[in-house]
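Notes for the structure review
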Amino acid sequence: MNGSYKILYLYSNTQWFPIGCLTSNAISESSDTLSSTTRDNSNGWTSSIPTNQSYSISFDGILSEDNRGSSILTYGDIKSFKRNRTKVSWKIAMSDGTGDTDAGEGYITSVSESASIGEAVSFSGEIMGVGDPSVETWTPPTYDDIEDMIPPYNAAKY
């Protein structure tokens, strides 16, 4: 499985769109724990019981000068979702529809962009999950310019 083809999609305006020009995306899950002690604890070892669970999705990408707003979500779209406190539905899936798809809802809680001299302008963000994520079978939509979203990117457009 090649990470280049695992894409983060958000639901907007009645359809699913990939976030354009991603260089990475990751989902991270964690559990709070309560310390416990049992008879089996010996030599100073402790036990823990998992309680509340949470997850977040981080993502990074590069900005494009080419506005393809009809087939991708741009950094401007992501920034708008964050500023308007919009709850987003998300999916992380292989662009060819193989494998399981992680899905859920959340809020974009952070966005940033970085402009280093001589390099492409990059952006990053994070989605904090609401409720529990699910695993499903899903075939992502296809777009004529999907290859432009998969690394290595067409350098002439950036």
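Scroll up to find the structure this text is about.
All figures in this text were calculated on a predicted structure; none of them were measured in a lab. Per chain, the residues get numbers from 1 upward, laid out in the order the sequence is written. Given that this is a predicted model, residues contribute local features only at a pLDDT of at least 70 and side-chain atom pairs are listed and counted only at 80 or more, while totals for whole chains, interfaces and linings are drawn from all residues. In computing side-chain properties, one takes all heavy atoms of the structure into account and sets aside hydrogens as well as water.

A closer look at the overall build of the chain
This is how the line gets drawn: The numbering of helices and of strands both runs from the N terminus, where a helix is a DSSP run of H or I of at least 4 residues and a strand a run of E of at least 2. Buried means the residue's accessible area, taken with a 1.4 Å probe over protein chains only, is under 20% of the maximum for its type, while exposed means over 50%, and partly exposed covers the values in between. Any two residues whose heavy atoms approach within 4.5 Å are treated as being in contact. Computed with the Shrake-Rupley method and a 1.4 Å probe, the accessible areas treat only the protein chains shown as cover for residues.
A count of helices and strands for the chain gives one helix and seven strands. Helices (α) and strands (β) of the chain occur, in sequence order from the N terminus, as β-β-β-β-α-β-β-β. A buried classification covers 32% of the 158 residues belonging to the chain. For the chain, contacts bridging at least 24 residues in sequence account for 67% of all contacts bridging at least 6. Carbon and sulfur atoms make up 45% of the accessible area of the chain, which totals about 9500 Å².

Focus: the packing of aromatic side chains
Aromatic ring pairs are defined here through the distance separating the ring centres and the angle between the ring planes. The cut-off we apply is this: Stacked, tilted and edge-to-face are the three classes assigned to paired rings of Phe, Tyr and Trp, where Trp is represented by its six-membered ring and a pair needs centres within 6.5 Å; plane angles under 30 degrees give stacked, over 60 edge-to-face, the rest tilted.
Taken as a whole, this structure holds five aromatic pairs when the rule is applied. When the ring of Trp-16 is compared with that of Trp-138, the centres are 5.7 Å apart and the planes differ by 65°; the resulting orientation is edge-to-face. One end of the pair, Trp-16, is in strand β2 (residues 15–18); the other, Trp-138, is in the segment after β7 (122–136), and 122 residues separate them in sequence. The buried category is assigned to Trp-16, whose relative accessible area is 17%.

Details of the environment of Asp-96
The condition that has to hold: Pairs of N or O atoms are called polar contacts if they sit within 3.5 Å, as long as, within protein, a hydrogen donor faces a hydrogen acceptor (for residues adjacent in sequence, only side-chain-to-side-chain pairs).
On the secondary structure map, Asp-96 appears in the loop between β5 (87–94) and β6 (101–114). In terms of polar contacts, Asp-96 uses its side chain to reach the side chain of Thr-98, at 2.8 Å.

Remarks on the pattern of salt bridges
For clarity, the threshold we go by: The salt bridge definition used is simple: a Lys or Arg side-chain nitrogen within 4 Å of an Asp or Glu carboxyl oxygen.
Tallied over the full model, the rule gives two salt bridges. We note a salt bridge from Lys-87 to Glu-105, for which the minimum N-O separation is 3.9 Å. Taken together, the residues Lys-87 in strand β5 and Glu-105 in strand β6 connect sequence positions 18 residues apart. For the salt bridge of Glu-136 with Lys-91, the shortest nitrogen-to-oxygen distance reads 2.3 Å. Taken as a pair, Glu-136 in strand β7 and Lys-91 in strand β5 lie far apart in primary sequence, 45 residues in all. Among the residues examined, Glu-136 registers a relative accessible area of 25% and is labelled partly exposed. We classify Lys-91 as buried; its relative accessible area is 8%.

Observations regarding the sheet that holds β5
Cut-off, in case you're wondering: When DSSP finds two or more bridges between two strands, those strands count as paired. Only the stretch in contact is used when a helix axis is fitted, and all axes are lines through C-alpha atoms; the angle between N-to-C directions ranges over 0 to 180 degrees.
Strands sit in the order β2-β1-β5-β6-β7-β4-β3 across an open sheet of seven strands; the sheet is antiparallel. Taken across any chain shown, the strands that pair with only one partner, and hence form the sheet edges, are β2 and β3 (22–36). When the angles between neighbouring strand axes are averaged without regard to direction, this sheet yields 35°. Two strands pair when backbone bridges link them, and β5 and β6 are joined in this way by six bridges, in the antiparallel orientation. In the strand pairing of β6, Trp-90 is matched with Gly-104. The strands touched by helix α1 (residues 75–83) are β1 (6–12), β4 (47–62), β5, β6 and β7; relative to β6, the strand with the most contacts, the crossing angle is about 100°.

Considering unusual backbone geometry
Backbone geometry places Thr-14, a non-glycine residue, at a positive phi of 70°. Mapping Thr-14 onto the fold places it in the loop between β1 and β2. Positive phi, normally seen in glycine, also occurs at Arg-85, with a value near 55°.

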